[in-house]
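What follows is each chain in one-letter form.
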Amino acid sequence: MKRLLYVAALLVVSQAAMAQDNSYESLSRLFSQSNPQGSARMQAMGGNHSAIGADISNITGNPAGLGFYTRSELSITPQFNQITNSSQYLNNTQNSNASQFSVGNLSAVFAGKNRNPVYSGGWQGGAWGLGYSRQNLFKSSIRFGGRNNQSSMADYFAELANNEATGSSQGVVVDDFRKDLENNGSVFDYPTSMFYYGLLIDPTTRDGYPYVGTEQGKAANQSFLSTSTGFTSSWNLSYGANYRNKLYVGLGLSLARMNYTNTKTMNESFENAAAISGFSYTNDLTTSGNGFTLKGGLIYRPNDVIRLGVSVTSPTWYTISESAGQSLQTSLARPFLINAETNPEYTNNLPTALRSAGYGISYQGTSALITSVPNLSILPFESRYRLRTPMRLNGGVGIFFGKSGFISADAEYVGYSGMKLSSNDNNADGGLRDGYYTGVIKRTYRNVVNLKVGGEYRISNVSVRAGASYYQDPYQQIAQFNNLDRSRVVYSGGVGYKTNNFYIDGTVLYSQQNSAYSPYILADATTYASARIKNQTTSAVLTIGTYF
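Here the structure is a predicted model, which is why all the values come from computation and not from measurement.

The rules we used
- Residues numbered from 1 in each chain as written.
- Predicted model: local features only at pLDDT ≥ 70, side-chain atom pairs only at ≥ 80, totals over all residues.
- Heavy atoms only, no water.
- Axes fitted to C-alpha atoms, helices over the stretch in contact; angles between N-to-C directions.
- Helix = DSSP H or I, 4+ residues; strand = E, 2+ residues; numbered from the N terminus.
- Parallel < 35°, antiparallel > 145°, perpendicular 65-115°, else oblique.
- Left-handed = near helix turned anticlockwise from the far one by under 90°.
- Contact = heavy atoms within 4.5 Å.
- Salt bridge = Lys/Arg side-chain N within 4 Å of Asp/Glu carboxyl O.
- Buried < 20%, exposed > 50% of the residue type's maximum accessible area, 1.4 Å probe, protein only.
- Polar contact = N/O pair within 3.5 Å; in protein donor to acceptor, adjacent residues only side chain to side chain.
- Patch = residues over 30% accessible without salt bridge, like charges linked within 9 Å, V, L, I, M, F, W, Y side chains within 5 Å.
- Areas by Shrake-Rupley, 256 points an atom, 1.4 Å probe, with all protein chains shown as cover.
- pLDDT = per-residue confidence, 0-100.
- Pairing = 2+ DSSP bridges.
- Phe/Tyr/Trp six-rings, centres within 6.5 Å; stacked < 30°, edge-to-face > 60°.

Close contact between helix α2 (residues 24–32) and helix α9 (residues 436–444) brings their axes to 9 Å; oriented N to C, the two are set at 65°. Taken as axis vectors, α2 and α9 run roughly perpendicular relative to one another. Seen from above, α2 lies across α9 with right-handed handedness. Contacts between α2 and α9 involve Y24, E25 and S28 from the first element and Y437, V440 and I441 from the second.

And the structure:
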């Protein structure tokens, strides 16, 4: 029961299904989303195009494009991202910025020695591609706050304790909290023990239940901060072959890796406080995993003007480890009296147990007073689970204008509703083991079609490129989600310079997306607030390559 209670507390906003949510269904989407990737050249045109070959991006995109190579190539692609989030919460707007430098791509193509570009019969040889690629960067910072006259996060903790008291066969009562304190000190087993002895929730009966927020009804000045880092990346091996300069066929294997760390902190201070002047609650999550992906593709070249491409990318089968923690700091407005009336679990040993846990204890006559509360936390929670990401199907067309350039358009089908979560770890949430969260995924997400369009115009050794991509909102269009369009649009442009032995390409991308986030939820939806968040990301990408 401890593990289930812990996870219930950990997934504070699981029903909100919004930005940077750490519920399992939201993490599944986060680890599965796609962005423009590959070389600066391809990113300038909106991302990988399934009908375009002879680009280092074919290693991670359509591997059939490797069949166009007539000589070997080596390239590196560093990039810089600037992320800005503007959040509106309780009629206040706050901005938060984050930036990150990374190597987005490091790849090599080895063209076959038997390649003959003018030979018209049979197989024309092929090319191998080996490379490292980063698909997603999770660097982000979200900040918002304001004066809340309706509720406090302590009210959420009280509702959580009430649910636990009625949700198990025996119920969780205040004596369980006392035993937790006596056995574990300030590092509790139950999250609700931490909330109770952090003085955030008050009992109203002998058994404790129902609980209420300690400063219920008081105005709370709230300040929330969420910071994230991490990535999804892969090492990729692909091969592309050319048949009669008409049909190009490719296969690929990717060994995937992911890492994600998120820290959320809610600070609250109460006006006219009677017991506690405020608190700071922190929720940490660290997730890492490994997996693999298969891919295959075709490009058909009926003439020198038109190229048609299709590729399929299997799900990535991840095995994921997670580690989570919570901590609490409480500030007292005045010494807090503890006796049989304020604490139904009271025994003569309770003040001693509190002092042993680091609490400041003094006496006024025979009455014990808490004068200070130590930093409280929860025993670390660790588990393992499996994630199957969506399958992707790409199709596109490229139209070429001799050596002057081309335009290309792609459609990408992503089966988000087919994501699957599972686990055989006894420590894992029961919803991972019995398929509950997979059902939530099917009720939350829909399959989407993303669109990309771009082109390149060449003037001697210089190329000018532009493109755009549209990522459809993956949330079901139902009442719970349809009041906000979460689709994402990316605009891109760049230039390149190429000689017989060397090339350099530069690209700038700008994307924008709207999302929302609830720091906590309550049974009465009119008593808690959500933040509306506008995300803007600007990326500068540079690819330097050489032929050999």
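The discussion continues.
When charged atoms on two side chains of opposite charge get close, those side chains can pair. In the structure shown here, the tally under the stated rule is eleven salt bridges. The partner of D304 in a salt bridge is R301, and the shortest N-O contact between them spans 3.3 Å. Classification of D304 as exposed rests on a relative accessible area of 58%. A salt bridge links R392 to E412; the shortest N-O distance between them is 3.6 Å. On the criterion of sequence distance, the pair formed by R392 in strand β18 (residues 392–400) and E412 in strand β19 (residues 405–414) is long-range, its members being 20 residues apart.

The next point concerns α2. An α-helical segment advances 3.6 residues per turn. Residues three or four places apart therefore align on the same side. For α2, the buried fraction is high: nine of the nine residues fall into the buried class. Y24, E25, S26, L27, S28, R29, L30, F31 and S32 are the residues of α2 that are buried.

Before going further, it helps to examine the environment of T342. Topologically, T342 is positioned in the loop between β13 (336–338) and α7 (350–356). Put simply, T342 and P203 are 139 residues apart on the chain and 7.7 Å apart in space, counted from C-alpha to C-alpha. Those residues within four positions of T342 in sequence are excluded, and the remaining contacts are Y196, P203 and L337. Within the local environment of T342, its side chain forms a polar contact with the backbone oxygen of L337, the two atoms lying 3.1 Å apart.

Here we come to a nonpolar patch on the surface. A surface patch of nonpolar side chains, about 700 Å² in accessible area, is lined by L298, V310, V312, M391, L393, Y413, V449, L451 and Y470. Elements with a minimum of two residues in the nonpolar patch: β11 (306–313) and β21 (448–459). As for its placement among the helices and strands, V310 is situated in strand β11.

Bringing the confidence of the model for the protein chain into the picture now. In this model, the protein chain carries an average pLDDT of 92, and 93% of its residues clear a pLDDT of 70 or more. Note on residues 1–9: pLDDT under 50 across the span, and 33 contacts to partners over four residues away in sequence or across chains. Every residue in residues 12–19 scores below 50 in pLDDT, and together they form 33 contacts with partners more than four places removed in sequence or on other chains.

This part takes up the sheet that holds strand β14 (residues 360–364). In spatial order, the strands read β13-β15-β14; together these three strands make up an open sheet with antiparallel pairing. Both edges of this open sheet fall to β13 and β14, since each of them pairs with a single strand only. Between one strand axis and the next, the sheet turns through 35° on average, direction left out of account. Alignment of β14 against strand β15 (residues 367–372), held across five bridges, turns out to be antiparallel. Its bridge partner lying in β15, I361 is registered against I370.

In this section: unusual backbone geometry. The amide bond that connects Y209 to the next residue, P210, takes the cis arrangement and shows omega of -5°. For P210, the position within the fold is in the loop between β6 (201–202) and β7 (212–213). Despite not being glycine, L90 has its phi angle at roughly 50°, a positive value. Inspection of the secondary structure puts L90 in the loop between β1 (73–89) and β2 (92–111). Residues other than glycine seldom take positive phi values, yet N245 does so here, at roughly 55°. Topologically, N245 is positioned in the loop between β8 (220–243) and β9 (247–270).

Relative to β15, β13 is paired through three bridges, and the arrangement is antiparallel. The partner of I338 across the bridge, within β15, is A368. A loop of two residues connects β14 with β15, the two strands running antiparallel in sequence, and G365 in this loop sits at a positive phi of about 70°.

This structure, assessed with the given rule, holds 30 aromatic pairs. Between the aromatic rings of F144 and Y517, the centroid separation amounts to 6.4 Å while the plane-to-plane angle is 55°, which identifies the pairing as tilted. With a gap of 373 residues between them, F144 in strand β4 (residues 140–148) and Y517 in strand β24 (residues 502–517) connect regions that are remote in the sequence. By relative accessible area, F144 is classed as buried at 1%. Here the aromatic rings of Y196 and Y197 are separated by 5.0 Å at their centres, their planes lie at 85°, and the arrangement is edge-to-face. A relative accessible area of 3% means that Y197 is categorised as buried. Ring pairing ties together the aromatic residues Y156, F157, F195, F270, F279 and Y281, which thus form one cluster.

The next subject is the environment of N267. With respect to the helices, strands and loops of the structure, N267 is situated in strand β9. On the basis of relative accessibility, which here comes to 33%, the residue N267 falls in the partly exposed class. As for N267 and E73, which are separated by 194 residues in sequence, their C-alpha atoms are 53 Å apart.

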